Amino acid sequence: MTAIDPHSLSAADKASQKEARRARMFTRINKLDAWFKVLGLAWITPMLKAAAGDNPKAQAKEVWQLLGVPLLAILIFIGLWANLAPKVQTSLGAIPGPAQVWEQVENLHTDHLREMDKAAAFYDRQAARNAKLIAAGKDDKVKFRDYTGKPTYYQQIWTSIKTVFFGFLVATLVAVPVGIAAGLSKTANAAVNPLIQIFKPVSPLAWLPIVTMIVSATVSSNDGLFSKSFLISAITVTLCSLWPTLINTALGVATIDKDLVSVSKVLKMNTWTKITKLVLPSALPLIFTGLRLSLGVGWMVLIAAEMLAQNPGLGKFVWDEFQNGSSQSLAKIMVAVFTIGIIGFLLDRVMFALQSLFTFSNNR
């Protein structure tokens, strides 16, 4: 094989190769753009395009729209907050500004580290005591106890996240099959629709006493797989969050292309094959829209349920600080407010990423 001397290439050939490389580069950038959007980093795409020489002025304008404007809005919000907060007086003092709220972020982190050190010291003492008992031949007196210190802020966040995901999972397992049945059958839809219209508007504050009484009557102790408080919060989340998924699933299934339905009849597909190969792929976008709405509703419901029922989690943290009434309570509540908002945003991003992943796999 004869090697091609680059110097022997004509100017047209070199320009053609350069254009081909540039086209491949932009193809890769466009593929990455889909994931940048999922991660909320869409502003990276115009920066990469500008670096590749694609109309830098236009790309700079795009970066300003996607990144500059949001950052400017955040800075304006922080500035207004810092200037106006001290002027609003409450029974607990002035509304804390950004500096005071950040100070409480650091304090909550320090409290977490301190509590973890206490827990580690407790388990070290327990291990040393048990080792002495074993060495003395007193194996029957060896005991293992869990550390019972107060939950830290991070532990309360994790408790709320676990609870909302469990409630959301149960809601999904109920809503998707029922939604598919309602979408495929007019009879099933007629049966389900009245229940949706009656129960969808019910507030979590109305469900909570009923769920509390039922769980308290059926769960005798907290020694099982799930504690009473966990079940109460999770079931309340389930009851309030399943409706968006159910409605969107039924709508997505009912509006699939009629030609595809006819093809399934011609091919004599059984029900399972029809659902997995035809119904779900076609209805997937609307199903995921429902799932995203349900997760957002579930997260809001959970915080309210934890506050009212005094179940462990971020809601209880907010209520405890409100009842505490110290000079730092308002700042800690504001930390919780920002935490709730940021976690809600991240949960939506997770669902959006899953939607993009499943949609991409389905379209391949």
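As the structure is a computational prediction, the values presented were derived from the model and not from experiment. (Residues numbered from 1 in each chain as written. Predicted model: local features only at pLDDT ≥ 70, side-chain atom pairs only at ≥ 80, totals over all residues. Heavy atoms only, no water.)

> So, the overall build of the protein: which residues are in play, and what are the values?
Along the protein, the regular secondary structure elements total 12 helices and two strands. Its helices and strands in sequence order give the protein the pattern α-α-α-β-β-α-α-α-α-α-α-α-α-α, from N to C terminus. Relative to the compact-globule value of 21 Å for 364 residues, the protein shows a C-alpha radius of gyration of 28 Å, a clear excess of over 25%. Summarising its shape, the C-alpha atoms of the protein cover approximately 85 × 60 × 60 Å along the three principal directions. Across the 364 residues in the protein, those meeting the buried criterion constitute 32%. Pairs at least 24 apart in sequence give 68% of the contacts found in the protein among residues at least 6 apart. Between the averaged position of the 36 positive side-chain charges in the protein and that of its 22 negative side-chain charges there is a distance of 6 Å. (Helix = DSSP H or I, 4+ residues; strand = E, 2+ residues; numbered from the N terminus. Rg over C-alpha atoms; globule rule 2.2 N^0.38 Å. Buried < 20%, exposed > 50% of the residue type's maximum accessible area, 1.4 Å probe, protein only. Contact = heavy atoms within 4.5 Å. Lys, Arg positive; Asp, Glu negative; His and termini not counted. Charge placed at Lys NZ, Arg CZ, Asp CG, Glu CD.)

> Can you lay out unusual backbone geometry for me, pointing to particular residues and giving the numbers?
Even without a glycine there, the phi angle at Gln310 is positive, about 60°. For Gln310, the location among the structural elements is in the loop between α10 (271-309) and α11 (314-324).

> Let's hear about the layout of surface pockets: which residues, and what values?
The volume enclosed by the largest pocket comes to roughly 590 Å³. Along the walls of the largest pocket sit 26 residues, with Pro151, Thr152, Gln155, Gln156 and Pro312 positioned nearest its centre. Those elements that provide at least two residues to the lining of the largest pocket are α4 (98-135), α5 (153-184), α8 (228-254) and α11. Considering each element in turn, the lining of the largest pocket owes the most residues, seven residues, to α5. Taken together, the residues of the lining of the largest pocket break down into seven nonpolar, 12 polar and seven charged. If you add up the space inside the second largest pocket, you get close to 400 Å³. As for the second largest pocket, its lining consists of 18 residues, of which Val101, Trp102, Val105, Phe338 and Ile342 are closest to the centre. Looking at the lining of the second largest pocket, the elements with two or more residues in it are α3 (56-84), α4, α5 and α12 (329-363). By residue class, the composition of the lining of the second largest pocket is 16 nonpolar, two polar and no charged. (1 Å grid on protein atoms, 1.4 Å probe; cavity = no way out; pocket = protein on both sides within 12 Å on 5 of 7 lines; lining within 4 Å. Points joined across faces, edges and corners; volume = space filled by probe spheres on them. Nonpolar A, V, L, I, M, F, W, Y, C, P; charged D, E, K, R; others polar.)

> Report on the nonpolar core, specifying residues and quantitative values.
Judged by nonpolar contacts, the single largest core of 40 residues is most densely connected at Tyr153, Val164, Trp299, Leu314 and Ile343. Of all elements in the fold, only α4, α5, α8, α10, α11 and α12 reach the threshold of two or more residues within this core. At 12 residues, the largest contribution of residues to this core is made by α10. Beyond its immediate chain neighbours, meaning those up to four positions away, Ile343 contacts Ile157, Ile161, Trp299 and Leu314. (Core = buried A, V, L, I, M, F, W, Y, C linked by side-chain atoms within 4.5 Å.)

> Describe in detail helix α6 (residues 186-199), supporting the description with residues and values.
With 14 residues, α6 extends 20 Å between its outermost C-alpha atoms, agreeing within 8% with the 20 Å of an ideal straight helix rising 1.5 Å per residue. The largest bend in α6 is about 30°, located at Val192, with the proline Pro194 one to four residues further on. For α6, the side-chain oxygen to backbone nitrogen distance between the N-cap and Thr187 is 3.3 Å, and the N-cap itself is Ser185. (Expected span 1.5 Å × (residues − 1). Bend = angle between axes of the 7 residues up to and from the residue. Polar contact = N/O pair within 3.5 Å; in protein donor to acceptor, adjacent residues only side chain to side chain.)

> Break down the packing of aromatic side chains for me, with residues and values.
Taken as a whole and assessed by the stated rule, the structure comprises nine aromatic pairs. Here Phe199 and Trp207 contribute two aromatic rings whose centre-to-centre distance is 5.7 Å and whose plane-to-plane angle is 40°, an arrangement assigned as tilted. Residue class for Phe199 comes out partly exposed when judged on its relative accessible area of 31%. Geometrically, the ring pair formed by Phe199 and Trp243 is stacked, given 6.5 Å between the ring centres and 15° between the ring planes. Of the two residues, Phe199 is situated in helix α6 and Trp243 in helix α8; the sequence distance between them amounts to 44 residues. (Phe/Tyr/Trp six-rings, centres within 6.5 Å; stacked < 30°, edge-to-face > 60°.)

> Can you lay out α3 for me, pointing to particular residues and giving the numbers?
In an α-helix, one turn spans 3.6 residues, which is why side chains three or four residues apart end up on the same side. Here α3 spans 39 Å end to end across 29 residues, near enough to the 42 Å set by a 1.5 Å rise per residue. Within α3, the axis deviates most sharply at Trp64, by approximately 40°. Looking at α3, one finds that the buried residues are Gln59, Val63, Gly68 and Trp81.

> If you had to explain the side chain of Thr45 to someone new, which residues and values would you point to?
Take Thr45: it is sitting in helix α2 (residues 44-51). Setting aside anything within four residues of it in sequence, one finds Thr45 in contact with Ile29, Asp33 and Phe36.

> Talk me through the environment of Arg145; I want residue IDs and the actual numbers.
Inspection of the secondary structure assignment puts Arg145 in the loop between α4 and α5. The sequence separation of Arg145 and Gln155 amounts to 10 residues, and the corresponding C-alpha distance is 19 Å. Excluding anything up to four places from it in sequence, Arg145 contacts Phe122, Tyr123 and Gln126.

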